[in-house]
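Topology and contacts: notes
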Amino acid sequence: MTAIHQRPVRGLTTLLVPLLTGGLVVLALGVYGRAHTPTGFAVGVAGFSAALPMKVWLTTGAFVLAFVQVVSALSMWGKLGIDIPAGVHRWSGRIAFLLTIPVAFHCLYALGLQYDVPRVLAHSLLGCFFYGVFTAKMLALPKRDAPGWTLPVLGGLAFTALVGLWLTSSFWFFTAIGFKV
Ligand code: HEM
């Protein structure tokens, strides 16, 4: 088998560890979300009336930054015709991810993985999937011989999961309860 035929195979095996680790993260969050007894624990955060509005607005911040991610990624791949510095993509990604941490901590620790309502089931599964695909993307990033579609696909899945998380939580809150702070 000539070198040219070996590259796709090697590229895919390069992804084995990132994809397996991402899958383990999804599984671990799901099992923890179901296995532990929800504590109902809630932290008050300055500026917000309660944990719920805090989560809703932090998630909305991550949601907006996710669009900055997509636009800056398209620019990095020369699809936009405008040159947005790569640092914009890196930092909007880091801040978006960090904004989700206190939210997901509250979701998992205080509420757990719930599936009595289709919206909440979809939300809970998307939450676990988001961290799994984010982990796989970060582990695949330094892999120079990974297939060319790796980052667009993993980045696209992370974006779609975050949009789904926002629609099944913040958007529901804004339409069911209102723009409460
Ligand atoms: C990691 C797995 C996750 C699980 C198991 C989970 C589970 C839950 C559950 C059960 C609720 C209560 C839903 C309700 O009764 O209305 C909830 C609420 C919420 N979650 Fe999560 N979540 C997860 C991750 C996330 C992430 C990553 C975000 C944001 C990026 C998020 C944002 C929210 C918000 C804003 C609410 C409050 C609005 C609402 O009640 O729907 N969650 N979550």
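This text follows the structure it describes.
The following paragraphs examine the structure supplied in this document. Just so it is clear, the structure is predicted and the values come from calculations on it, not from any experiment. Think of each chain on its own: its residues are numbered from 1, step by step along the sequence as written. Given that this is a predicted model, residues contribute local features only at a pLDDT of at least 70 and side-chain atom pairs are listed and counted only at 80 or more, while totals for whole chains, interfaces and linings are drawn from all residues. Only hydrogens and water are removed before side-chain values are computed, so all heavy atoms of the structure are retained for them.

**Here we look at the coordination of the iron atom of the ligand**
Ideal geometry at a metal centre: 109.5 degrees between donors when four sit tetrahedrally, and 90 or 180 degrees when six sit octahedrally. To be explicit about the condition: Distances decide who is a donor: an N, O or S atom must be within 2.8 Å of the metal, or within 3.2 Å for Na, K and Ca. Water is not included, so sites may look incomplete. Labels for metal geometry use angle windows, namely 85 to 135 degrees for all angles of a four-donor tetrahedral site, and for square planar (four donors) or octahedral (six donors) sites opposite donors over 155 degrees apart plus all others within 65 to 115; sites meeting none of these are irregular. Only runs of H or I of at least four residues qualify as helices and only runs of E of at least two qualify as strands under DSSP, and these elements are numbered from the N terminus. Classification of residues uses two cut-offs on accessible area relative to the type maximum, computed with a 1.4 Å probe and protein chains only: under 20% is buried, over 50% is exposed, and between them is partly exposed.
Protein-derived ligands of the iron atom of the ligand are Cys107 (SG) and His123 (NE2), with the metal-ligand distances lying across 2.0 to 2.2 Å. Seen from the iron atom of the ligand, its 6 donor atoms lie at angles of 87 to 178°, and the figure they make is octahedral. Of this pair, Cys107 sits in helix H4 (residues 86-111) while His123 sits in helix H5 (residues 118-140), and the two are 16 residues apart along the sequence. Residues Cys107 and His123 agree in their burial class; the two are buried.

**Section: the site of the ligand**
Put simply, the rule reads: Any residue with a non-hydrogen atom lying within 4 Å of a molecule or strand is treated as near it. Counted as a polar contact is a pair of N or O atoms within 3.5 Å, where, for protein atoms, one must be capable of donating a hydrogen and the other of accepting one, and residues adjacent in sequence contribute only when both atoms are in side chains. Each residue receives one of three labels: charged for Asp, Glu, Lys and Arg, nonpolar for Ala, Val, Leu, Ile, Met, Phe, Trp, Tyr, Cys and Pro, and polar for the others, Gly being one of them.
Around the ligand, 26 residues are found, and the nearest of them are Leu52, Val103, Cys107, Arg119 and His123. Side-chain polar atom of Arg119 to an oxygen atom of the ligand: 2.7 Å apart, as the coordinates give it. At 2.8 Å, a side-chain N or O of His123 approaches a nitrogen atom of the ligand. Among the secondary structure elements, those contributing two or more residues to the shell around the ligand are helix H3 (51-76), H4, H5, helix H6 (150-167) and helix H7 (170-176). No other element matches H5, which puts 7 residues into the shell around the ligand. Of the residues contributing to the shell around the ligand, the split by class is 14 nonpolar, 10 polar and 2 charged.

**Digging into the environment of Val153**
Counting through the fold element by element, Val153 comes out in helix H6. Remark: the alpha-carbon pair of Val153 and Val133, spanning 20 residues in sequence, is separated by 9.8 Å.

**A short note on the packing of aromatic side chains**
What counts is decided by this rule: Stacked, tilted and edge-to-face are the three classes applied to pairs of Phe, Tyr and Trp rings, where Trp contributes its six-membered ring and a pair requires centres within 6.5 Å; stacked means planes under 30 degrees apart, edge-to-face means over 60, and tilted covers the rest. Here, a charge over a ring means that NZ of Lys or CZ of Arg falls within 6 Å of the ring centre while also lying within 35 degrees of the ring normal.
Summed over the entire model, instances satisfying the criterion amount to 14 aromatic pairs. Consider the rings of Trp57 and Phe179, whose centres lie 6.3 Å apart with planes at 40°: the pair is tilted. In this pair, Trp57 sits in helix H3 while Phe179 sits in the segment after H7, placing the two residues 122 residues apart along the sequence. Using a relative accessible area of 62% as the deciding quantity, one classes Phe179 as exposed. Residues Phe105 and Tyr109 carry aromatic rings whose centres are separated by 5.1 Å and whose planes lie at 20° to one another, so their mutual orientation is stacked. Placement of both Phe105 and Tyr109 in helix H4 is noted, with a separation of 4 residues, approximately one turn of the helix. Of the residues examined, Phe105 reaches a relative accessible area of 44% and is grouped as partly exposed. Judged by relative accessible area, which is 30%, Tyr109 ranks as partly exposed. Feature note: the residues Trp57, Phe63, Phe67, Phe159, Trp166, Phe171, Phe173, Phe174 and Phe179 constitute an aromatic cluster, connected by ring pairs. The lysine or arginine in question, Arg94, covers the ring of Trp91, its NZ or CZ lying 4.6 Å from the ring centre. For the cation-ring pair, Arg119 lies above Trp172, with the distance from its terminal atom to the ring centre recorded as 3.8 Å.

**What about a nonpolar patch on the surface?**
Operational definition: Exposure above 30% relative accessible area and no salt bridge define the residues that can form patches, which grow by joining like charges within 9 Å and nonpolar side chains of Val, Leu, Ile, Met, Phe, Trp and Tyr within 5 Å. The protein chains shown are the only cover counted for residues, whose accessible areas, like all others here, come from Shrake-Rupley with a 1.4 Å probe. By definition, a salt bridge exists where a carboxyl oxygen of Asp or Glu is found within 4 Å of a side-chain nitrogen of Lys or Arg.
A cluster of nonpolar residues, Leu12, Phe129, Trp149, Val153 and Leu157, forms a patch on the protein surface that exposes about 440 Å² of accessible area. Given a relative accessible area of 39%, Val153 falls into the partly exposed group.

**Regarding the packing of H4 against H5**
Going by this rule: With axes taken as lines fitted to C-alpha atoms, and helix axes fitted only over the stretch in contact, angles between N-to-C directions fall between 0 and 180 degrees. Roughly parallel means an angle under 35 degrees; roughly antiparallel, over 145; roughly perpendicular, 65 to 115; everything else is oblique. Crossing handedness follows the turn of the near helix against the far one: under a right angle anticlockwise gives a left-handed crossing, and clockwise gives a right-handed one. Every residue pair with non-hydrogen atoms within 4.5 Å of one another is taken to be in contact.
Look at H4 against H5: their axes get within 12 Å of each other, and the N-to-C directions meet at 140°. In terms of their interaxial angle, H4 and H5 are classed as oblique. Considering how the two elements wind past one another, H4 and H5 form a crossing that is left-handed. The segment H4 lies against H5, with His89, Phe97, Thr100, Ile101, Ala104 and Cys107 engaging His123, Phe130, Tyr131, Phe134 and Lys137. Here the contact of H4 with H5 is composed, by residue class, of 7 nonpolar, 3 polar and 1 charged.

Purely geometric stuff here, so don't read any function into it on its own.
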